[in-house]
2 protein chains.
Amino acid sequence: MDVNNYMDGKEQLERVRERVIETIAKNMNLYGITDSIGRLYGMLYFQNHPMTLDEMKEELGMSKTSMSTSVRTLTDLKMVEKVWKKGTRKDLYQAEEDWYQTFIDFFSIKWRAGISMNIAAMTKSILELERLAKSEEADEEVRTAAEIDITKMKAALSYYEWLNRLVDSFESEEIFDFIPKNKDEL
Amino acid sequence: MDVNNYMDGKEQLERVRERVIETIAKNMNLYGITDSIGRLYGMLYFQNHPMTLDEMKEELGMSKTSMSTSVRTLTDLKMVEKVWKKGTRKDLYQAEEDWYQTFIDFFSIKWRAGISMNIAAMTKSILELERLAKSEEADEEVRTAAEIDITKMKAALSYYEWLNRLVDSFESEEIFDFIPKNKDEL
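Residues numbered from 1 in each chain as written. Chains lettered and ligands numbered in written order. Predicted model: local features only at pLDDT ≥ 70, side-chain atom pairs only at ≥ 80, totals over all residues. Heavy atoms only, no water.

An unreviewed UniProt entry lists chain A under the name HTH-type transcriptional regulator, from Cytobacillus solani.

What follows is the structure in structure tokens.
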């Protein structure tokens, strides 16, 4: 009877964790993270100790290659970090459990990548179109179209400058002055 | 000579637009939007008039089905809107050009979807684990594990409550009181 109850409790715990892992993976899927990477993060979230690549591989039945790539994606996004443990030669990994932090890191990384990509492309394009709009050799219709595009891209640049300041406020945690964390966590 | 210059200018304009469309698609790709949907948005962004599905299909060489799905994805994300034009029976679509607005809509929609999904799963799971943690039939080890999971999930719920307030500040545009738009756009 004891053994059965133990199993029931353990099974119940596993069922709950499975549901939450599923939800975490679905949520990450909204931002283009694959299901298996989402499930890996979810699994690590419920571990109360860091794991080696081999342990994760065994737990999830993923190949070594896809496990390495997945862990790499999660460490790049700062959702998982490598930890050091005295006396262990293997790399150990643990989930970042502070979701305020994972949120800030995830979107700061994505947004900054988008910002620099776009600012570079827009700046170069505006310069080229300004030359075209002034060129007396270009057709009137083309010059007008160039002017319209310049206006659009300047508005876009201005937006990216704003987004840059939003990311600054995330990284400096100033955002929590505007939208405070819940009291019970301060 | 005139014809050549006209072509040159037009070609230059097209090359610039192509580069920006490429960048827009790459940027949207960071959030799991496929390349062809990103390119569709980019193409519409540079049109200075609304387009029908047939016109878009022709411009991008996509199939009717995948064009409909792509336009649906973009309208769901409020990046493209259906417009009405007197005397036209066909549906017309145009890109939302205000990137502050597309940013707010895109992330509000994604975040709210994640928030409700997670709050539902976490709330249900906490209730179940609280029952388990109190159950005298459950093993000590299981009850301790349940307690730890409850603490983690309560922290997660608290974070989602904060995220909800962040999205509120986006939708109410209060965020611009904290991080003001650039002067030249006010």
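Asks: What should I look at first to understand a negative patch on the surface in this one?
Replies: Negative charge collects at one region of the surface, where Asp8(A), Glu11(A), Glu136(B) and Glu137(B) lie side by side. With respect to the secondary-structure elements, Glu136(B) resides in the loop between α5 (99-134) and α6 (140-171). Relative accessible area serves as the criterion here: at 76%, Glu136(B) is assigned to the exposed category. (Patch = residues over 30% accessible without salt bridge, like charges linked within 9 Å, V, L, I, M, F, W, Y side chains within 5 Å. Areas by Shrake-Rupley, 256 points an atom, 1.4 Å probe, with all protein chains shown as cover. Salt bridge = Lys/Arg side-chain N within 4 Å of Asp/Glu carboxyl O. Lys, Arg positive; Asp, Glu negative; His and termini not counted. Charge placed at Lys NZ, Arg CZ, Asp CG, Glu CD. Helix = DSSP H or I, 4+ residues; strand = E, 2+ residues; numbered from the N terminus. Buried < 20%, exposed > 50% of the residue type's maximum accessible area, 1.4 Å probe, protein only.)

Asks: So what exactly am I meant to see when it comes to the sheet that holds strand β1 (residues 51-52) of chain A here?
Replies: Whether parallel or antiparallel, the strands of a sheet pair through hydrogen bonds between backbone atoms. Residue and element names in this part refer to chain A. With antiparallel pairing, three strands are arranged side by side in an open sheet as β1-β3-β2. In this open sheet, the two strands that pair with only one neighbour each are β1 and β2 (80-83). Taken together, the two bridges between β1 and strand β3 (residues 92-95) define a ladder with antiparallel strand orientation. In the sheet register, Met51 faces β3, and the bridge partner there is Tyr93. (Pairing = 2+ DSSP bridges.)

Asks: I would appreciate a short explanation of the relation of the copies chain B and chain A in the present structure.
Replies: Note that the two copies of the chain are related through a rotation about an axis and a translation along the same axis. Each copy superposes on the other: chain B lies on chain A with an RMSD of 0.0 Å after a rotation of 180 degrees and an axial shift of 0.0 Å. Both copies of the chain, as the preceding transformation shows, are related through a two-fold rotation axis. Considering only C-alpha atoms, the residue of chain B closest to the rotation axis is Gly32(B), which sits at 1.8 Å. A share of 100% of the interface residues of chain B reappears at the interface of chain A, consistent with the copies meeting face to face through the same patch. (Least-squares fit on C-alpha atoms with pLDDT ≥ 70 in both. Contact = heavy atoms within 4.5 Å.)

Asks: So what exactly am I meant to see when it comes to the environment of Arg165(B) here?
Replies: Examined against the element boundaries, Arg165(B) turns out to sit in helix α6. Filtering out sequence-adjacent residues up to four positions away, Arg165(B) remains in contact with Ile179(A), Pro180(A), Lys181(A) and Asn182(A).

Asks: I'm lost on unusual backbone geometry in this one. Help?
Replies: Peptide bonds are trans in most cases, and residues, glycine excluded, mostly fall at negative phi. With phi around 65 degrees, Glu173(A) is a residue other than glycine that occupies positive phi space. Examined against the element boundaries, Glu173(A) turns out to sit in the loop between α6 (140-171) and α7 (175-178).

Asks: What is the right way to read the domain arrangement of chain A from this model?
Replies: Interface size is commonly expressed as the accessible surface area that is lost when the partners come together. All names here are of chain A. Examined at the domain level, chain A breaks down into domain 1 (2-96) and domain 2 (100-185). Put simply, the middle of domain 1 and the middle of domain 2, counted by C-alpha atoms, are 35 Å apart. Domain 1 puts eight residues into the contact, and the matching count from domain 2 is seven residues. Carbon and sulfur atoms supply 78% of the area that domain 1 and domain 2 bury against each other, a total of about 670 Å² over both sides. The interface formed by domain 1 and domain 2 includes zero salt bridges. Linking domain 1 to domain 2 there are zero residue pairs in polar contact (both at pLDDT 80 or more). Considering only residue class, the side of domain 1 that touches domain 2 consists of five nonpolar, no polar and three charged. (Domains from an automatic or database assignment. Buried area = accessible area lost by both parts, 1.4 Å probe. Polar contact = N/O pair within 3.5 Å; in protein donor to acceptor, adjacent residues only side chain to side chain. Nonpolar A, V, L, I, M, F, W, Y, C, P; charged D, E, K, R; others polar.)

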